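# Architecture and fold: a report
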Amino acid sequence: MGRIIAIANQKGGVGKTTTAINLSASLASLGKKVLAIDMDPQGNMSSGLGVDKNEVEKTVYDLIIGNIGIEECIYEEVIENLDVLPSNIDLSAAEIELIGVDNKEYILRDKVNKVKEKYDFIIIDCPPALSMLTINAMTTSDSVLVPIQCEYYALEGLSQLIHTIELVQERLNPELEIEGVVFTMYDARTNLSLQVVENVKDNLNQNIYKTIIPRNVRLAEAPSYGMPINLYDPKSKGTESYLLLAEEVINKGEE
Ligand code: ATP
Ligand code: MG
């Protein structure tokens, strides 16, 4: 049975999309069959994996609002072993259009159920908001992986996020787990990064991944070439660290 993981944190710019792109691509490079779902109207996961968000015909928006099948929206083998369900700015209207719709919390789940047997992993990139799009990602998922940026305000907003996850567990998806937190943009040259990691470890009672993603300029460059890090610069620190994270994620599932 495949695993569905939402990458979520309502704080902006913490490395959700970078993690979603590169975890998906690393899992695929390890031979896992992966579906990457972009639930953010910014569409950065789609373009970062090489899907032109302005050219796509069918997106998550059409899936959620239109009555169409999920197969029609999936771009197959964008990279070996990796399929993409893209989104673009159209999705920003979904929140409003869902007002008053029955069971709107489960629209994505009901669609994904039809294809989930085909995949070892489904990775969902969430927008920086605790919105109906994020709720749809959480009702669809087995677990939530939370990227935390190594900066001074790292813990800010984390209690709301955990509260939201707990509400979804209670009311909508009792199976949902917190996969764990991943530190991102770690800068070994500063004491601050180290202090943030120590502080979060002391204050957060959650699984923390051993792999820490360093600040690496190649990770920031890769999306503009529409490539995940392992294709853009296979020898970079970014490639190495996301591969280690992927191995940890696989091993955690096999525990
Ligand atoms: P949003 O909340 O807007 O969706 P996000 O949480 O998805 O943002 P990203 O888009 O992944 O965050 O990252 C924010 C910025 O930081 C981007 O410009 C990205 O390229 C850069 N970045 C992310 N991770 C790293 C890293 N490890 N090293 C260097 N730059 C990084
Ligand atoms: Mg993002």
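Reference entry: report on the structure contained in this document. (Residues numbered from 1 in each chain as written. Chains lettered and ligands numbered in written order. Predicted model: local features only at pLDDT ≥ 70, side-chain atom pairs only at ≥ 80, totals over all residues. Heavy atoms only, no water.)

Of the regular secondary structure elements, the chain holds 11 helices and 7 strands. Computed over the C-alpha atoms, the radius of gyration of the chain is 17 Å, within 12% of the 18 Å expected from 2.2 N^0.38 for a compact globule of 255 residues. Counting only C-alpha atoms, the chain reaches 50 × 40 × 35 Å along its principal axes. A total of 255 residues make up the chain; the buried ones form 55% of that total. Counted over contacts in the chain with a minimum sequence separation of 6, partners at least 24 positions apart contribute 78%. Element-wise, carbon and sulfur atoms account for 47% of the exposed surface of the chain, whose accessible area totals about 11,700 Å². Here the chain carries 22 positive and 39 negative side-chain charges, and the mean point of each set is 3 Å from the other. (Helix = DSSP H or I, 4+ residues; strand = E, 2+ residues; numbered from the N terminus. Rg over C-alpha atoms; globule rule 2.2 N^0.38 Å. Buried < 20%, exposed > 50% of the residue type's maximum accessible area, 1.4 Å probe, protein only. Contact = heavy atoms within 4.5 Å. Areas by Shrake-Rupley, 256 points an atom, 1.4 Å probe, with all protein chains shown as cover. Lys, Arg positive; Asp, Glu negative; His and termini not counted. Charge placed at Lys NZ, Arg CZ, Asp CG, Glu CD.)

A few words now on the site of ligand 1. Around ligand 1 sit 18 residues in total, of which Lys 16, Thr 17, Thr 18, Pro 214 and Asn 216 are the nearest. Between Thr 17 and ligand 1, the recorded distance is 2.8 Å, taken from a side-chain N or O atom to an oxygen atom. Side-chain polar atom of Gln 42 to an oxygen atom of ligand 1: 3.3 Å apart, as the coordinates give it. Expressed as a share of its isolated accessible area of 630 Å², the protein-covered part of ligand 1 is 79%. Of all elements in the fold, only helix H1 (16–29) and helix H9 (217–221) reach the threshold of two or more residues within the shell around ligand 1. Here the shell around ligand 1 takes 3 residues from H1, the largest share from any one element. Along the lines of polarity and charge, the residues of the shell around ligand 1 split into 7 nonpolar, 7 polar and 4 charged. (Near = heavy atom within 4 Å. Polar contact = N/O pair within 3.5 Å; in protein donor to acceptor, adjacent residues only side chain to side chain. Nonpolar A, V, L, I, M, F, W, Y, C, P; charged D, E, K, R; others polar.)

Bringing the packing of aromatic side chains into the picture now. The full count for this structure, using the stated rule, is 2 aromatic pairs. Plain terms: the ring middles of Tyr 152 and Tyr 153 are 5.1 Å apart, the flat faces sit at 75° to each other, and that makes the pair edge-to-face. With a relative accessible area of 63%, Tyr 152 lands in the exposed category. Summarising the aromatic geometry, the rings of Tyr 225 and Tyr 232 are spaced 5.0 Å apart at their centres and angled 20° between planes, so their arrangement reads as stacked. Taking relative accessible area as the criterion, Tyr 225 reaches 52% and is therefore assigned exposed. (Phe/Tyr/Trp six-rings, centres within 6.5 Å; stacked < 30°, edge-to-face > 60°.)

This next bit is on the sheet that holds strand E2 (residues 34–38). Read from one edge to the other, the open sheet built from 7 strands follows the order E3-E4-E2-E5-E1-E6-E7, with strand pairing classed as mixed. Each end of this open sheet is capped by a strand with a single partner; those strands are strand E3 (75–79) and strand E7 (177–184). If you compare each strand with its neighbour and ignore which way they point, the axes differ by 25° on average. Note: E2 against strand E4 (residues 82–85), 4 bridges, orientation parallel. Looking at E4, one finds that Val 34 is bridged to Leu 82. Seen against the sheet, helix H11 (residues 237–254) touches strand E1 (3–7), strand E5 (121–125), strand E6 (143–149) and E7 and runs at an angle of roughly 130° to E1. (Pairing = 2+ DSSP bridges. Axes fitted to C-alpha atoms, helices over the stretch in contact; angles between N-to-C directions.)

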